[in-house]
Amino acid sequence: MIIDSHGHFTTAPPALGKWRQKQIRAYEESGARLSPDALHITDDEIRAAIEQGQLKLQSERGTDLTLFSPGAGKMAHHYGDEHTSLDWSRVSNDLIARVCGLFPERFVGVCQLPQSPGDALPASVAHSVTELERCVEQLGFVGCLLNPDPSDGYYQAPPLTDRVYYPLYEKMVELGVPAMVHVAMSRNPALQGTCAHYLAGDTAAFMQLCEADLFKDFPTLQLILPHGGGAVPYHWGRYRGMMQDRGRPPLEESILPHVSFDTCVYHRRGMELLLDVIPARNVLFASEMIGAVRSVDPETGRRFDDTKYTLDSLDMSDADRQAVYGGNALRVFSRLDGVLKARATAAANVKESGK
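Residues numbered from 1 in each chain as written. Predicted model: local features only at pLDDT ≥ 70, side-chain atom pairs only at ≥ 80, totals over all residues. Heavy atoms only, no water.

Caption draft 1: Inspection of the packing of helix 1 (residues 14–30) against helix 4 (residues 82–102) at higher detail. For the pair helix 1 and helix 4, interaxial distance at closest approach is 11 Å and the crossing angle is 170 degrees. Taken as axis vectors, helix 1 and helix 4 run roughly antiparallel relative to one another. In this structure, helix 1 contributes Leu16, Trp19, Arg20, Gln23 and Tyr27 to the contact, and helix 4 contributes Thr84, Asp87, Trp88, Val91 and Leu95. Partitioned by chemical class, the residues of the contact of helix 1 with helix 4 number six nonpolar, two polar and two charged. (Axes fitted to C-alpha atoms, helices over the stretch in contact; angles between N-to-C directions. Helix = DSSP H or I, 4+ residues; strand = E, 2+ residues; numbered from the N terminus. Parallel < 35°, antiparallel > 145°, perpendicular 65-115°, else oblique. Contact = heavy atoms within 4.5 Å. Nonpolar A, V, L, I, M, F, W, Y, C, P; charged D, E, K, R; others polar.)

Caption draft 2: Molecular detail of the layout of surface pockets. Quantified by volume, the largest pocket comes out at close to 400 Å³. Lining the largest pocket are 19 residues, with Leu199, His227, Cys264, Val265 and Tyr266 positioned closest to its centre. If you list the elements that add at least two residues to the lining of the largest pocket, you get helix 7 (193–210) and helix 11 (268–277). The leading source of residues in the lining of the largest pocket is helix 7, at four residues. (1 Å grid on protein atoms, 1.4 Å probe; cavity = no way out; pocket = protein on both sides within 12 Å on 5 of 7 lines; lining within 4 Å. Points joined across faces, edges and corners; volume = space filled by probe spheres on them.)

Caption draft 3: Highlighting the pattern of salt bridges. Overall, the coordinates contain 17 salt bridges when judged by the stated rule. Among the ionic pairs, Lys171 bridges to Glu174, the shortest N-O distance being 3.2 Å. Separated by three residues within a single helix, Lys171 and Glu174 lie in helix 6 (residues 166–175), roughly one turn from each other. According to the relative accessible area criterion, Lys171 is buried, its value standing at 11%. Here Glu174 falls in the exposed class, since its relative accessible area comes to 54%. As a salt-bridge pair, Asp213 and Arg248 come within 2.8 Å of each other at their nearest N and O atoms. (Salt bridge = Lys/Arg side-chain N within 4 Å of Asp/Glu carboxyl O. Buried < 20%, exposed > 50% of the residue type's maximum accessible area, 1.4 Å probe, protein only.)

Caption draft 4: Focus on the sheet that holds strand 9 (residues 283–284). The sheet built from six strands is open, its strands ordered 4-5-6-7-8-9 with parallel pairing. Lying at the two open borders of the sheet, with one neighbouring strand each, are strand 4 (111–112) and strand 9. With two bridges connecting them, strand 6 (residues 179–181) and strand 7 (residues 223–225) associate as parallel partners. Bridging across to strand 7, Met180 finds its partner in Ile224. (Pairing = 2+ DSSP bridges.)

Here you go:
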């Protein structure tokens with residue numbers, strides 16, 4: 001099974017964006033709350049969005065399953081307060097659950113967390129614990145997106161290793177789910193979103209992990225750095241040297257047992273570098289479909305985000321290829337196999353009852 005570990009519902013029906021605009025406007029103008037019940041999206045609208053978008057590309061590229069989350073840039077955690085973020089996260093996650101219900105063989109959910117910056121961060125972490133539990137235990141999700149910068153471009157939060165996040169990590173470990181460390185939009189005009197803020201966030205988060213002992217406190221915690229880990233593979237020697245200079249354990253002992261990187265790298269040389277530097281065991285196949293770059297690369301005639309085409313062209317052992325394409329995802333997202341088996345059993349029961 002070829003598992004794309006990084007997909008977003010960037011093609012969600014327009015009603016979702018309109019609801020969000022109304023929510024933000026109501027809070028900013030009067031502090032009012034817009035009810036989630038005010039959002040109306042039909043199953044047919046969801047089917048049309050998926051069938052003409054993600055499902056079409058899955059079929060064209062030969063991938064089987066996508067771990068699917070709300071649009072990352074639109075998480076936009078700086079708007080409103082912690083209750084604004086909670087309502088927005090629940091609405092977004094419920095929509096992902098509906099996608100998974102309509103296409104159970106193709107999508108498994110990964111949830112957005114209701115984070116907030118500043119003084120609201122501790123309360124929002126508590127809400128994140130509750131929402132994560134709901135999504136995993138009630139909706140069948142297998143992971144979450146964790147924003148290292150809920151101020152959206154200004155880094156006004158403590159590092160991810162700060163104890164303010166520990167209640168969330170405790171719940172992740174209890175549930176057996178990983179987090180993909182993924183920033184949202186950038187409202188900082190000096191930091192463009194997808195090519196600056198995204199990659200800077202990946203890079204900054206890695207160094208936060210290097211400087212602390214988070215994994216000593218949570219020895220089974222699993223995190224994923226998307227977009228190939230930002231600058232990390234390219235500067236692996238710098239990180240190794242910094243850790244050595246500070247008398248800290250090697251990265252292979254302190255970080256790699258807990259951190260994976262994905263293949264959202266949109267050119268062959270970059271993909272080669274990622275797999276030359278990072279062990280195959282720590283690499284998850286992903287495309288970010290449909291994400292930051294949607295055009296066709298004139299050098300290949302394929303879409304930039306067709307990472308399967310690029311990965312297929314690389315020289316790898318069969319064991320490494322199998323691990324990157326699916327085995328690693330089944331290990332890191334430890335609930336995934338159980339969710340897939342439960343769905344298969346349910347489908348078989350429905351088929352049997354219909355005979």
